[in-house]
Amino acid sequence: MTQAPLSDKERYATITRVNWVCSIVDALLSVLKLSVGFLTRSPALIADGVHSLSDLATDILALILGNLAQHGPDEDHPYGHARYETVGTVALGATLVAVAIGIGYENIMAAWHGESITPHWIALVAVAVSVISKEALFHYTMKHAKVTRSNLLEANAWHSRSDSLSSVVVFFGILGAMAGYPIVEYVAALGVAILIGKMGIELTWDASQDLADRGVIPEKVDAYRSTLYTSDAVDDVHMIRTRLMGNNVFIDAHIQVDPHLTVSEAHQLNDFTAAKLKKKHDEITDVTLHIDFEPDGIEQPTVLMPKRKPLEEALAETNFKGYKRCYLHYKGTQLSVELLYAKDTDIPENHQQIAQELMERFEWLAGVEVFKEG
């Protein structure tokens, strides 16, 4: 059974709750690993503790930015504040890169100076607790990241996974040091730094693309196009553009309809199609559709300036008077005219001759057709 989409209020409440859980767990693990690391003088465990401390910092950042992101549109931010989530992801990734550089430098210097410490077995217990806790936190956070479609939560989940993996590396590094190979622990710490740096670069790059208005993947665009085609009276769909705004998708597209549709019918079709698209794809929050009466990119597109006023002035000089409606249909460099008369109004007897004279007078006039109600 597919779970119903969360409302904005439910979504941000879930994100906040998950970030608080992450903050508490990371705070406890930071204290545990750093305390044991300094007591046992384990460089790898200290590095892992710093990693958990960076997790805590980004948890706090996620809480702040998640709170900002939940605010809707206002005068200064007409599209809402969802990009604060993306900004948070960039900051999280940059923090990871900085932490990786710091850990790498400290351990290279320590190994260069030949510092050698045999860690205590209690360090292994601390690392084991970290692995179990962070792996559980990864699955918990990722589950809610999918439900809320939050890139920020997903980034935080992978941050937890990177901490879990780095703790595994540290575990074997400490075992190596206890077996009489202290260099293994420094190598393990460097391995942690590389893992952290790689994750940070990936997160930063990915989120930066969203800030640069990256669109959704081609498969998603194809799905949106298919949905647009299911609307009645839509003859063609083209020029689809999307952009990501936090977890939301903004889309605009051109839809081609019958050129003889009235303005009200085309408008109604526009609104119906937009609503259908948002209902089918709940990640879409903003839709802008442009109504076309002919394909874009044709060899001779319609280039006429509006001609209603000069046409009506010309009609007023002829026997074409008393009509109820005047419909204009543009195509290429010409337009065709339809005049609708009420049932009790007489059509001019010489209307064909008048139409011919008007066509000779205006090169942009392709023809005049006259109809009567009923």
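Quick caveat, the model's predicted, so the values are computed rather than measured.

Caption draft 1: Structural context of the overall build of the chain. Along the backbone of the chain there are ten helices and six strands. Against the 2.2 N^0.38 benchmark of 21 Å for 374 residues, the chain shows a C-alpha radius of gyration of 33 Å, more extended than a compact globule. Every one of the 374 residues in the chain was classed for burial, and the buried ones make up 44%. Put simply, 70% of the contacts in the chain that link residues at least 6 apart link residues at least 24 apart. Roughly 20,200 Å² of accessible area belongs to the chain as shown, and the carbon and sulfur atoms make up 60% of that amount. Taking the average place of the 31 positive charges on the side chains of the chain and the average place of its 48 negative ones, the gap between the two points comes to 4 Å.

Caption draft 2: Examining the environment of proline 259 more closely. The residue proline 259 is located in the loop between strand S2 (248-256) and helix H8 (263-280) in this model. As a C-alpha pair, proline 259 and histidine 329 span 70 residues in sequence and 7.0 Å in three-dimensional space.

Caption draft 3: Broad picture of the confidence of the model for the chain. This prediction gives the chain a mean pLDDT of 82; 92% of its residues lie at or above 70. Taken element by element, the predicted model of the chain shows its lowest mean pLDDT in helix H2 (residues 43-69) (75) and its highest in helix H7 (residues 218-229) (92).

Caption draft 4: Seen up close, the packing of aromatic side chains. Going through the model one piece at a time under the given rule, you end up with two aromatic pairs. Ring centres of tyrosine 323 and tyrosine 341 lie 6.3 Å apart, and the angle between their planes is 80 degrees; this geometry places the pair in the edge-to-face category. With tyrosine 323 in the loop between helix H9 (308-316) and strand S4 (325-331) and tyrosine 341 in strand S5 (residues 334-341), the pair connects residues that are 18 residues apart, well separated along the chain.

Caption draft 5: A look at the environment of leucine 96. Take leucine 96: it is sitting in helix H3 (residues 83-112). Overall, leucine 96 belongs to the buried group, its relative accessible area being 0%. If we ignore the near neighbours within four places in the chain, the residues touching leucine 96 are His51, Ser54, His159, Ile196, Met199, Gly200 and Leu203.

Caption draft 6: Quick look at H9. Among the residues of H9, Leu311, Ala314 and Leu315 are the ones counted as buried. Seen end-on, H9 carries its buried residues on one side only, within an arc spanning 100 degrees. Where H9 is buried, its residues contact S4, S5, helix H10 (351-361) and strand S6 (365-372).

Caption draft 7: Examining the sheet that holds S5 more closely. The sheet built from three strands is open, its strands ordered S4-S5-S6 with mixed pairing. The sheet is open, and its two edges are formed by S4 and S6, each paired on a single side. When the angles between neighbouring strand axes are averaged without regard to direction, this sheet yields 15 degrees. H9 contacts S4, S5 and S6 of the sheet and is inclined by roughly 130 degrees relative to S4.

Caption draft 8: Fine view of the sheet that holds strand S3 (residues 284-292). Read from one edge of the open sheet, three strands run S1-S2-S3, paired in mixed fashion. Two strands close off the open sheet at either side, each with one partner strand: strand S1 (236-245) and S3. Neighbour-to-neighbour, the strand axes of this sheet turn through a mean angle of 15 degrees, independent of strand direction. Examined bridge by bridge, S1 and S2 share eight bridges and lie antiparallel to one another. Each bridged residue has a counterpart across the sheet, and for valine 237 the counterpart in S2 is isoleucine 255. On the sheet, H7 packs against S1, S2 and S3 and is oriented at approximately 130 degrees with respect to S1. On the sheet, H8 packs against S2 and S3 and is oriented at approximately 150 degrees with respect to S3.

Basis of the calculations
Sequence order as written defines the numbering, with residues in each chain counted from 1. Restriction of local features to residues with pLDDT of at least 70 applies here, the model being predicted, together with a cutoff of 80 or more for giving and counting side-chain atom pairs; totals for whole chains, interfaces and linings are based on all residues. Values shown for side chains rest on all heavy atoms present in the structure; no hydrogens or waters enter the calculation. Strands here mean DSSP runs of E at least two residues long; helices mean DSSP runs of H or I at least four residues long; both are numbered from the N terminus. Between the two quantities, the radius of gyration covers C-alpha atoms and the globule rule is 2.2 Å times the number of residues to the power 0.38. The buried label applies to any residue whose accessible area, calculated with a 1.4 Å probe on protein chains only, is under 20% of its type's maximum; exposed applies above 50%, and partly exposed to all values in between. Here, residues are in contact when the closest pair of their heavy atoms is within 4.5 Å. Each accessible area is a Shrake-Rupley result for a 1.4 Å probe, and residues are judged covered by the shown protein chains and nothing else. Charged residues are defined narrowly, with Lys and Arg counted positive, Asp and Glu counted negative, and His plus the chain ends left uncounted. For charged residues, the charge sits on one atom: NZ in Lys, CZ in Arg, CG in Asp, CD in Glu. Every residue is assigned a pLDDT by the predictor, reflecting its confidence on a scale from 0 to 100. For Phe, Tyr and Trp, rings pair up if their centres lie within 6.5 Å, where Trp contributes its six-membered ring, and each pair is then called stacked (planes under 30 degrees apart), edge-to-face (over 60) or tilted (otherwise). Directions are taken from the helix axis to each C-beta atom, and the arc is the one they span. Each pair of strands is called paired provided DSSP finds at least two bridges between the two strands. Whenever a helix is involved, its axis is fitted only over the stretch in contact; in every case the axis is a line through C-alpha atoms, and angles between N-to-C directions fall within 0 to 180 degrees.

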